Amino acid sequence: MNFERELAVARRIVTRSADLSLKHFETGIQMEDKSDDSPVTSADREAEVFIAAALEEAFPEDGQMGEEGVAKPSRSGRTWIIDPIDGTRDFIRGNAQWGVLLGLEAEGQPVAGVAHFPVMGKTYTGSKGGGAWCNDRRIQVSTVDRLDRAVVCFNGMQNNKKWACRDIVLDFISKFWCMRSMSGSPDIMMVAAGQADVWIEPSAKPWDLCPMKVIVEEAGGKFFNFEGTDSIYAGNALACTPAFEQLLRETFVKA
């Protein structure tokens, strides 16, 4: 199936949503903590309402699921999964690594997605069978196959006390050429674009992962979770180039 229309509409929606969120820098950002201790701002909520309304107009039969509470049953077998501001901590601090994530799931599998990073000036897109792109340039994972030349990205280091894999992480990272941890979604897009080789996310929700899974896979990468399946609902995720799939499975996937 061709998803050109879905991607074109999604790209317009996330770009307009990001423009609206950027205006909050001019008026001040109001922040509060959610029950899971993650921050949320008025910009997150307003952006999700905007995205949901735009999707309803364009695809009225499709369902919706959003980080800030949007929920609509699907009548088509398809659901749009919304993260209005991914990287809210970066957004609050004025850092460049925040973005808008919008993915389309069909029959339980991500099939198309957009990850738009307005301050970084990068928009990643991907769809099943349609390839992966950054700013309309085709992207592909790297061909690096040596640990001592590979880049690993590890997200959420501040939450290490909650990890089941905590005791092995430092030794594992020490085998790589270098480590980067800018933010979850920009890091996995580095893998898709050939700028990094391994991405580990010990804690993630479906809205963090839906567009990322299809983009990294269409770029030639591998995506799975600590259970060894490719579900975006496991609460964690791993992505890598084919050269490092076996290493990640042996190290992190539960036996």
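The coordinates are above.
Residues numbered from 1 in each chain as written. Predicted model: local features only at pLDDT ≥ 70, side-chain atom pairs only at ≥ 80, totals over all residues. Heavy atoms only, no water.

Draft legend 1. Geometry of the side chain of aspartate 197. Relative to the elements of secondary structure, aspartate 197 occurs in the loop between helix H6 (184-192) and strand E13 (198-201). Buried and without a salt bridge, aspartate 197 has arginine 149 as its closest oppositely charged side chain, separated by 10 Å. Here valine 151 takes part through its backbone nitrogen, which lies 2.7 Å from a polar atom of the side chain of aspartate 197. Not counting the four nearest positions on each side in its chain, aspartate 197 is found in contact with Ser142, Val144, Arg149, Ala150, Val151, Val191, Ala239, Cys240, Thr241 and Phe244. (Helix = DSSP H or I, 4+ residues; strand = E, 2+ residues; numbered from the N terminus. Buried < 20%, exposed > 50% of the residue type's maximum accessible area, 1.4 Å probe, protein only. Lys, Arg positive; Asp, Glu negative; His and termini not counted. Salt bridge = Lys/Arg side-chain N within 4 Å of Asp/Glu carboxyl O. Polar contact = N/O pair within 3.5 Å; in protein donor to acceptor, adjacent residues only side chain to side chain. Contact = heavy atoms within 4.5 Å.)

Draft legend 2. Structural detail: the side chain of aspartate 187. Counting through the fold element by element, aspartate 187 comes out in helix H6. Buried within the structure, aspartate 187 lacks any salt-bridge partner; its nearest side chain of opposite charge belongs to arginine 180, at an N-O separation of 8.2 Å. With residues near it in sequence (within four places) discarded, aspartate 187 still touches Cys153, Arg180, Ser181, Met182 and Trp199.

Draft legend 3. Summary view of the packing of helix H1 (residues 4-22) against helix H3 (residues 42-58). Two elements in contact, H1 and H3, have axes separated by 10 Å at closest approach and are oriented at 150°. By the angle between their directions, the pair H1 and H3 is classed as roughly antiparallel. Taken as a pair, H1 and H3 cross one another with a handedness that is right-handed. Across the interface between the two elements, Arg5, Val9, Ile13, Arg16, Ser17, Leu20 and Ser21 from H1 touch Ala43, Ala47, Phe50, Ile51, Ala54, Leu55 and Ala58 from H3. Of the residues contributing to the contact of H1 with H3, the split by class is ten nonpolar, two polar and two charged. (Axes fitted to C-alpha atoms, helices over the stretch in contact; angles between N-to-C directions. Parallel < 35°, antiparallel > 145°, perpendicular 65-115°, else oblique. Left-handed = near helix turned anticlockwise from the far one by under 90°. Nonpolar A, V, L, I, M, F, W, Y, C, P; charged D, E, K, R; others polar.)

Draft legend 4. Focus on the packing of H6 against helix H7 (residues 206-218). Contact geometry for H6 and H7: axes closest at 9 Å, N-to-C directions at 15°. Classified by the angle their axes make, H6 and H7 are roughly parallel. Judged by the sense of rotation from one axis to the other, the crossing of H6 with H7 is left-handed. Residue-level inspection shows Ser185, Ile188, Met189, Val191 and Ala192 of H6 in contact with H7, the latter providing Met212, Ile215 and Val216. Looking at the contact of H6 with H7 residue by residue, the classes come out as seven nonpolar, one polar and no charged.

Draft legend 5. Expanded view of the nonpolar core. Core analysis: the largest hydrophobic core is formed by 32 residues, its most contacted members being Tyr124, Ile139, Ile188, Met189, Trp199 and Ile215. Going through the elements one at a time, strand E7 (109-117), strand E9 (131-134), strand E11 (151-154), H6, H7 and strand E15 (237-240) are the ones with two or more residues in this core. Sort the elements by how many residues they give to this core and H7 lands first, with seven residues. In this structure, tyrosine 124 is in contact with Gly113, Val114, Ala115, Phe117, Trp133, Cys134, Ile139, Met189, Ala193 and Ile215, ignoring residues within four places of it in sequence. By size, the runner-up hydrophobic cluster in this structure holds 27 residues, among which are Ile51, Trp98, Ala106 and Val114. (Core = buried A, V, L, I, M, F, W, Y, C linked by side-chain atoms within 4.5 Å.)

The values reported here are purely geometric and, on their own, carry no functional implication.
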